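Topology and contacts: notes
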Amino acid sequence: MSTAAATPARTGQVLADLLPASRVRDAALVLGGAALTGLAAQIALPVPGSPVPVTGQTFAALLVGTALGAGRGFLSLALYAVAGLAGMPWFSDGTSGVAPSFGYILGMILASTVVGALARRGADRSMLRMAGTMLVGEAIIYAVGVPYLALATGMSATAAIAAGLTPFLIGDALKAALAMGALPTAWKFADKR
């Protein structure tokens with residue numbers, strides 16, 4: 001079967017749908033997505049003048065959403081947030097509970113859901129569409145995280161943007177570039193099977 005013939009059969013699927021369907025699969029994927037996000041959060045670099053570090057967390061959250069789809073992506077990130085609030089030390093730098101950066105975690109829940117819905121519509125199949133998907137996801141994270149940071153710290157909107165958005169743009173561009181290569185490549189391999 002050619003790749004062209006395989007692609008239409010996969011319309012409406014995300015990568016996780018290629019695994020045999022079961023509730024055990026879905027539970028394992030949700031737990032795995034939460035764990036991946038928690039592990040990626042441990043890759044944290046402090047940003048001078050900001051209470052928000054650069055982490056691998058946002059990258060993981062967006063990959064979880066695109067690979068698992070909206071429902072499982074939402075559940076993974078919600079589990080990640082609830083477990084962290086309950087004391088699991090898997091937020092950035094092994095922390096838990098509510099911090100000024102918690103708004104970004106709330107944004108990740110929403111972003112994972114949205115990018116998962118976009119992936120189900122084929123947004124993870126090409127480099128260009130994947131770049132757009134990542135940009136949408138990042139925008140959602142910042143749209144929730146930056147105002148939360150301002151409220152939690154008493155910063156002005158300008159100060160919150162300077163501390164919670166601007167220093168992260170280059171890193172987010174690199175994360176988007178990684179995703180642009182990873183997911184479309186995974187689909188190419190899947191379509192050859």
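Shown above is the structure to which this text applies.
Fair warning: this is a prediction, and the values are worked out from it, not measured in the lab.

Focus on the environment of Ser126
Tracing the sequence through the fold places Ser126 in the loop between helix H5 (102–120) and helix H6 (127–153). On a C-alpha basis, the gap between Ser126 and Leu31 in space is 27 Å, while along the polypeptide they are 95 residues apart. From its side chain, Ser126 meets the backbone nitrogen of Arg129 in a polar contact 3.2 Å long.

Section: the packing of helix H3 (residues 57–68) against H5
Orientation of H3 relative to H5, taken along the N-to-C sense of each, is 35°, at an axis distance of 7 Å. For the pair H3 and H5, the crossing hand works out as right-handed. Side by side, H3 and H5 meet where Gln57, Thr58, Ala61, Leu62, Val64, Gly65, Thr66 and Leu68 of the first sit next to Ile105, Met108, Ala111, Ser112, Val115, Gly116, Ala119 and Arg120 of the second.

Structural notes on the packing of aromatic side chains
Centre-to-centre distance and the angle between the planes together describe a pair of aromatic rings. Evaluated as defined, the whole model comprises five aromatic pairs. Here Tyr80 and Trp90 contribute two aromatic rings whose centre-to-centre distance is 5.3 Å and whose plane-to-plane angle is 45°, an arrangement assigned as tilted. You can see Tyr80 sitting in helix H4 (residues 70–85) and its partner Trp90 sitting in the loop between H4 and H5, a full 10 residues away along the chain. Comparing Tyr80 with Trp90 shows no difference in burial state: the two are buried. Centre to centre, the rings of Tyr80 and Phe91 are 5.3 Å apart; their planes meet at 65°, and the pair counts as edge-to-face. Taken together, the residues span a long stretch of sequence, with Tyr80 in helix H4 and Phe91 in the loop between H4 and H5 at a distance of 11 residues. In this structure, Tyr80 and Phe91 share a single accessibility class: buried. Geometry around Trp187 places Arg125 over its ring, the cationic atom sitting 3.8 Å from the centre.

Cut-offs used in this document
Residues numbered from 1 in each chain as written. Predicted model: local features only at pLDDT ≥ 70, side-chain atom pairs only at ≥ 80, totals over all residues. Heavy atoms only, no water. Helix = DSSP H or I, 4+ residues; strand = E, 2+ residues; numbered from the N terminus. Polar contact = N/O pair within 3.5 Å; in protein donor to acceptor, adjacent residues only side chain to side chain. Axes fitted to C-alpha atoms, helices over the stretch in contact; angles between N-to-C directions. Left-handed = near helix turned anticlockwise from the far one by under 90°. Contact = heavy atoms within 4.5 Å. Phe/Tyr/Trp six-rings, centres within 6.5 Å; stacked < 30°, edge-to-face > 60°. Buried < 20%, exposed > 50% of the residue type's maximum accessible area, 1.4 Å probe, protein only. Lys NZ or Arg CZ within 6 Å of the ring centre and 35° of its normal.

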